[in-house]
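Below are the chains, spelled out letter by letter.
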Amino acid sequence: MPLSRSEILGWLRESDETRLAELWQRANDARQKCVGDAVHLRGLIEISNYCVRHCGYCGLNASRRGLQRYRMSEDEILSCAREAVRLGYGTVVMQAGEDYGVTGQFVARIVRRIKVETPLAVTLSLGERPDEDLALWRDAGADRYLLRFETSDPQLYDLIHPASLQNPSDRLAIQYTLRGLGYEVGSGVKVGIRGQNYDSLADDLETFRRLNLDMIGIGPYIQHPDTPLALRPPSITLPESEQAPNSDLMTCKVVALSRLMCPYANIPSTTALAILNQENGRELGLSRGANVVMPNLTPIKYRALYDIYPDKDCIIETAEEGNSQLHARIEGLGRSVGTGPGNSLAQRH
Ligand code: 5AD
C-alpha cells in the first residue's frame, strides 16, 4: 500500500527518533523484500564538465568563469569501461554537463563499442538532449537514462533553472519520451534547496510513483560558492517551519519514503549524502532504503574539475582503493555486492 499524502507529510516532519526508527525499519524491510540484499555498483564516468545550462545550484553552470573545462576522449572513456569490468561492476554511467561538443554520434559510437566489447549495461546522464539524440543512443544500445526533475514545484524549478529561448526546459516531458523509447528511466531531486517546502517534497514523492521510476537519486543540496544561487540568493524565503532542511536526516527520510512509494526501484545511496556525512552517510542510505552505490571511475586528473558541488573530490581515491573500501562497507552491513546488470524490476510490478 502506498503512503497517503498525510502519512508522507507526517514522516517528513517527524523528529522523534523512536518513531523514525519505524520508518527506517519499514523502508529496509521493503528494500529487502522487493530488491533483495545485493548492492549494485554502477561505475560513474564523468565524461565532460562543459555545460550550456545556467542551473543556479550547479558548479558546472555555463556562466561560471575560472573552471577549467575538459572532455574525455573515446579511448579514455573505453578504458574506464574496461576498468568497470575488471572491478566486477555490471553497469557504467556516462554523465556530463549538457555539452553539445559531446555529439550524438560520438556518444552513439561509444555506447556501441561498450555494448560490443563488454557485458556492461549502459546508463546515460547527459542532460536535456533533443529526442533525436535520445533515440539514436537507445538504438546504439543504451539501456537507461538518468535525468532528475529536481523539484515538482514549477515556480521553484523556474527560479533555479533559468531557461533560454533556444533551450526551453521540460524535464517531465523528457521522462515520458525516454519511457516511450524503452529506456529504464531514472529521476530524482535534491533535498533542502532554499524555497523547497515539505509540501513540495511530498509532491516529488508522489511524482516518483506516478512516473513509476526505475531509478531514483536523492541527495542533499550542498551549496557551491561559485554558483548564481550562492552569489545572488533569490529574495524568497520560507518561514523556517516550512523550509525543508538540507540535512542527512531529511535526505534519509526522502530515500526511505521513495522506497515505500516505489518499492521495486533501484535507489542509490548518493555521493552527496556520503559527502555531507562522511562518517556513515553511505551506510545510512543503504540501511534506510537504498540498494545501489555509484563509485567514481573518472580519471583522477579530471575529478576535481567535475565540480558540481564542493568537496566532491574529498573522496580522492583511485577506483581500486575506493572499490575495496566499498566492498568492506557493504559487507559490514551484512549485504552482498551485486553481480550482473542489476536491471530494474519496477515495470514488472
Ligand atoms: N548540491 C547537490 N546536488 C547537486 N547537483 C548539482 N548541483 C548540486 C548541488 N549543489 C546534482 C543535481 C544533478 C546531479 C548530477 O547532481 O541534482 O542532477
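Structural data are supplied above this passage.
Remember, it's a predicted structure, so these values are computed and weren't measured experimentally. (Residues numbered from 1 in each chain as written. Predicted model: local features only at pLDDT ≥ 70, side-chain atom pairs only at ≥ 80, totals over all residues. Heavy atoms only, no water.)

Enquirer: Describe the nonpolar core, naming the residues involved and giving the relevant values.
Expert: In this structure, Leu12, Met94, Ile114, Leu124, Trp137, Tyr145 and Phe208 are the most contacted members of the largest nonpolar core, which totals 98 residues. With 8 residues, the single largest contributor to this core is helix H10 (residues 248-261). When residues no more than four places from it in sequence are discounted, the contact partners of Met94 are Ile45, Ile47, Ile77, Ile110, Val111, Ile114, Val122, Thr123, Leu124, Ser125 and Leu126. Core analysis: the next-biggest nonpolar cluster, separate from the first, contains 6 residues, Leu44, Val93, Met215 and Met294 among them. (Core = buried A, V, L, I, M, F, W, Y, C linked by side-chain atoms within 4.5 Å. Buried < 20%, exposed > 50% of the residue type's maximum accessible area, 1.4 Å probe, protein only. Helix = DSSP H or I, 4+ residues; strand = E, 2+ residues; numbered from the N terminus. Contact = heavy atoms within 4.5 Å.)

Enquirer: Can you explain the packing of aromatic side chains? Please cite residues and give values.
Expert: Evaluated as defined, the whole model comprises 3 aromatic pairs. Plain terms: the ring middles of Tyr70 and Tyr302 are 4.4 Å apart, the flat faces sit at 10° to each other, and that makes the pair stacked. A residue pair is termed long-range when its members are at least 10 positions apart, and Tyr70 in the loop between strand S1 (38-48) and helix H3 (74-86) and Tyr302 in helix H13 (residues 300-303) qualify at 232 residues. Exposure remark for Tyr302: the relative accessible area of 12% places this residue in the buried category. With a centroid separation of 5.7 Å and 55° between ring planes, the pair formed by Phe149 and Phe208 is classed as tilted. (Phe/Tyr/Trp six-rings, centres within 6.5 Å; stacked < 30°, edge-to-face > 60°.)

Enquirer: Describe the site of the ligand, and please don't skip the residues or the numbers.
Expert: Residues in close proximity to the ligand include Tyr57, Cys58, Gln95, Arg148, Glu150, Lys190, Pro220, Tyr221, Ile222, Ile308 and Tyr309, which together make up its full environment. For the ligand, a nitrogen atom lies 3.0 Å from a polar atom in the backbone of Tyr57. Here an oxygen atom of the ligand sits 2.9 Å away from a polar atom, N or O, in the side chain of Arg148. Alone, the ligand offers 400 Å² of accessible surface; in the complex the protein occludes 87% of this. A per-class count over the shell around the ligand returns 7 nonpolar, 1 polar and 3 charged. (Near = heavy atom within 4 Å. Polar contact = N/O pair within 3.5 Å; in protein donor to acceptor, adjacent residues only side chain to side chain. Areas by Shrake-Rupley, 256 points an atom, 1.4 Å probe, with all protein chains shown as cover. Nonpolar A, V, L, I, M, F, W, Y, C, P; charged D, E, K, R; others polar.)

Enquirer: Describe the pattern of salt bridges, naming the residues involved and giving the relevant values.
Expert: Within the structure shown, the criterion is met by 27 salt bridges. The partner of Lys312 in a salt bridge is Glu46, with the nearest N and O atoms 3.0 Å apart. In this pair, Lys312 sits in the loop between H13 and helix H14 (319-332) while Glu46 sits in strand S1, placing the two residues 266 residues apart along the sequence. The pair Lys312 / Glu46 is uniform in exposure class, with both members buried. A salt bridge links Glu150 to Arg171; its shortest N-O distance comes to 3.6 Å. In this pair, Glu150 is assigned in the loop between strand S4 (144-146) and helix H6 (154-160) and Arg171 in helix H7 (residues 171-181), connecting sequence segments 21 residues apart. In terms of burial, Glu150 and Arg171 fall into one category: buried. Members of the salt-bridge network, linked through shared partners, are Arg53, Glu98, Glu128, Glu150, Arg171 and Lys190. (Salt bridge = Lys/Arg side-chain N within 4 Å of Asp/Glu carboxyl O.)

Enquirer: Describe unusual backbone geometry, naming the residues involved and giving the relevant values.
Expert: If you check the backbone angles, Glu150 has positive phi at about 70° while not being a glycine. Of note in the backbone geometry, Asn212 takes a positive phi value of approximately 45° without being a glycine. Overall, Asn212 belongs to the partly exposed group, its relative accessible area being 30%.

Enquirer: Give me the environment of Asp170: which residues, what numbers.
Expert: Relative to the elements of secondary structure, Asp170 occurs in the loop between H6 and H7. When the C-alpha positions of Asp170 and Trp11 are compared, they lie 30 Å apart, and in sequence the two are 159 residues distant. Polar side-chain contacts of Asp170 include one of 3.2 Å to the backbone nitrogen of Ala173.

Enquirer: If you had to explain the packing of helix H2 (residues 17-35) against H10 to someone new, which residues and values would you point to?
Expert: Contact geometry for H2 and H10: axes closest at 9 Å, N-to-C directions at 45°. Considering the angle they form, H2 stands oblique to H10. The handedness of the crossing between H2 and H10 comes out as left-handed. Residues Leu20, Leu23, Trp24, Arg26, Ala27, Ala30, Arg31 and Val35 of H2 pack against Leu249, Cys252, Lys253, Ala256, Leu257, Arg259 and Leu260 of H10. (Axes fitted to C-alpha atoms, helices over the stretch in contact; angles between N-to-C directions. Parallel < 35°, antiparallel > 145°, perpendicular 65-115°, else oblique. Left-handed = near helix turned anticlockwise from the far one by under 90°.)

Enquirer: How would you sum up the environment of Glu320? Please name residues and give values.
Expert: Inspection of the secondary structure puts Glu320 in helix H14. For Glu320, a relative accessible area of 41% translates into the label partly exposed. Beyond its immediate chain neighbours, meaning those up to four positions away, Glu320 contacts Glu83, Arg86 and Leu87.

Enquirer: Please set out the layout of surface pockets residue by residue, giving values where relevant.
Expert: In this structure, the second largest pocket encloses a volume near 240 Å³. Taken together, Met1, Pro2, Leu3, Arg26, Asp29, Ala30, Lys33, Cys34, Arg209, Leu260 and Pro263 form the lining of the second largest pocket. The element contributing the most residues to the lining of the second largest pocket is H2, with 5 residues. (1 Å grid on protein atoms, 1.4 Å probe; cavity = no way out; pocket = protein on both sides within 12 Å on 5 of 7 lines; lining within 4 Å. Points joined across faces, edges and corners; volume = space filled by probe spheres on them.)

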